[in-house]
Amino acid sequence: MQKNAYFKGLTIPFLLLLPQLAITIVFFYWPATQAVWQSFLIEDAFGTSTEFVWFENYQALFSDPGYLKAFVNTAIFSTFVCVFSLSIALLFAVMADRQIRGAEIYKTLLIWPYAVAPAIAGVLWLFMFDPSLGMLARGLQSLGIPWNPRLNGNHAMLLVILAATWKQISYNFLFFLAGLQSIPKSVIEAAVIDGAKPMRRFWTIVFPLLSPTTFFLLVVNIVYVFFDTFGIIDTITGGGPSGATETLVYKVFSDGKGGSNLGGSAAQSVLLLIMVIGLTAVQFRFIERKVSY
């Protein structure tokens, strides 16, 4: 029999929670409150002069064509990365879950990209598709495709989508594979006895049972494309050419560091946080209803 732990008072539980609470407060809540306060200010790059301007920074954002363009870029980028990374990871997980020789080797190789930092992943894809040095870029040019992400915005967007998708496939693959292995084999065997074909078994039995995993990964991938892809975009395109790959999170950086617009950058970070929270809430409100636990 496993014994449960009971605490006589609240002192020990609070002491056990204190390190995590301290990290959360210092590295999340405190910077978040500072960003909210700074979004109502106009100040110079050195912080020597500050003026409280209420919502002027937010008003300036909605009248800025560059911010609206970054919003559209983020919508396109996040949609394609989420769809591609989830679909490809699910395909790989289904194939790796089969009883084949060397399956453990395949699983290990598919997990490796998760250990690569986003900036390193960006450099790897930049070297492969650089119009001057990249072997794959030269192959495309030899086929008559004028590949040049330095000048063509569509090429640049496609490149960062591919790099971000490749980086996230491993993470999604791990969870999908774990979800597939948790499905009772007796359910699949019963469907086989009933004469259900492989595709029918997948869409009527396997995929519905994977809905909790899929829902979790959908939320995680939304957060990933909004925040964790900064390093990939910075190393591959730097937001270019002409802002074609400048997403919301990258515009926060470029306006704050490059443009010294600290108040506007803070306002963008607040809006970005609200968007992610809103998208997550919508997913929990509407999509979770279709999840079968």
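See the structure above.
Residues numbered from 1 in each chain as written. Predicted model: local features only at pLDDT ≥ 70, side-chain atom pairs only at ≥ 80, totals over all residues. Heavy atoms only, no water.

1. Overview of the nonpolar core
Line of reasoning, step 1. Counting 34 residues, the largest nonpolar core has Phe77, Val81, Val225, Phe226 and Ile236 as its most contacted members.
Line of reasoning, step 2. Put simply, the parts of the chain that give this core at least two residues each are α2 (56-62), α3 (65-96), α5 (118-129), α7 (153-181), α10 (211-228), α11 (230-236), α12 (248-258) and α13 (262-287).
Line of reasoning, step 3. Leaving out residues up to four positions away in the same chain, Val225 has contacts with Phe77, Ser78, Val81 and Cys82. (Core = buried A, V, L, I, M, F, W, Y, C linked by side-chain atoms within 4.5 Å. Buried < 20%, exposed > 50% of the residue type's maximum accessible area, 1.4 Å probe, protein only. Helix = DSSP H or I, 4+ residues; strand = E, 2+ residues; numbered from the N terminus. Contact = heavy atoms within 4.5 Å.)

2. Section: the environment of Phe40
Line of reasoning, step 1. Note on placement: Phe40 falls in the loop between α1 (11-38) and β1 (41-43).
Line of reasoning, step 2. The class for Phe40 is buried, based on a relative accessible area of 17%.
Line of reasoning, step 3. Ignoring any residue separated from it by four or fewer positions in sequence, one finds Phe40 in contact with Glu51, Phe52, Val53, Trp54, Phe55, Asn57 and Tyr58.

3. Focus: the environment of Glu246
Line of reasoning, step 1. Positionally, Glu246 belongs in the loop between α11 and α12.
Line of reasoning, step 2. Each C-alpha atom of the pair Glu246 and Phe71 lies 8.8 Å from the other, and the pair is 175 residues apart in sequence.
Line of reasoning, step 3. Ignoring anything within four residues of it in the chain, the contact list for Glu246 reads Ala70, Asn73, Gly239, Lys251 and Ser254.

4. A short note on the packing of α5 against helix α6 (residues 135-142)
Line of reasoning, step 1. It is at 4 Å that the axes of α5 and α6 come closest, and there the two elements cross at 35°. Here Phe127, Met128 and Phe129 of α5 come into contact with α6, specifically with Met135, Leu136, Ala137 and Leu140.
Line of reasoning, step 2. Looking at the contact of α5 with α6, its residues break down into 7 nonpolar, no polar and no charged. (Axes fitted to C-alpha atoms, helices over the stretch in contact; angles between N-to-C directions. Nonpolar A, V, L, I, M, F, W, Y, C, P; charged D, E, K, R; others polar.)

5. A few points about unusual backbone geometry
Line of reasoning, step 1. The linkage connecting Gly240 with the following residue, Pro241, adopts the cis geometry, with an omega of -5°.
Line of reasoning, step 2. In this model, Ser242 sits at a positive phi of 55°, which is unusual for a non-glycine residue.
Line of reasoning, step 3. Relative to the elements of secondary structure, Ser242 occurs in the loop between α11 and α12.
Line of reasoning, step 4. Overall, the relative accessible area of 69% leaves Ser242 in the exposed class.

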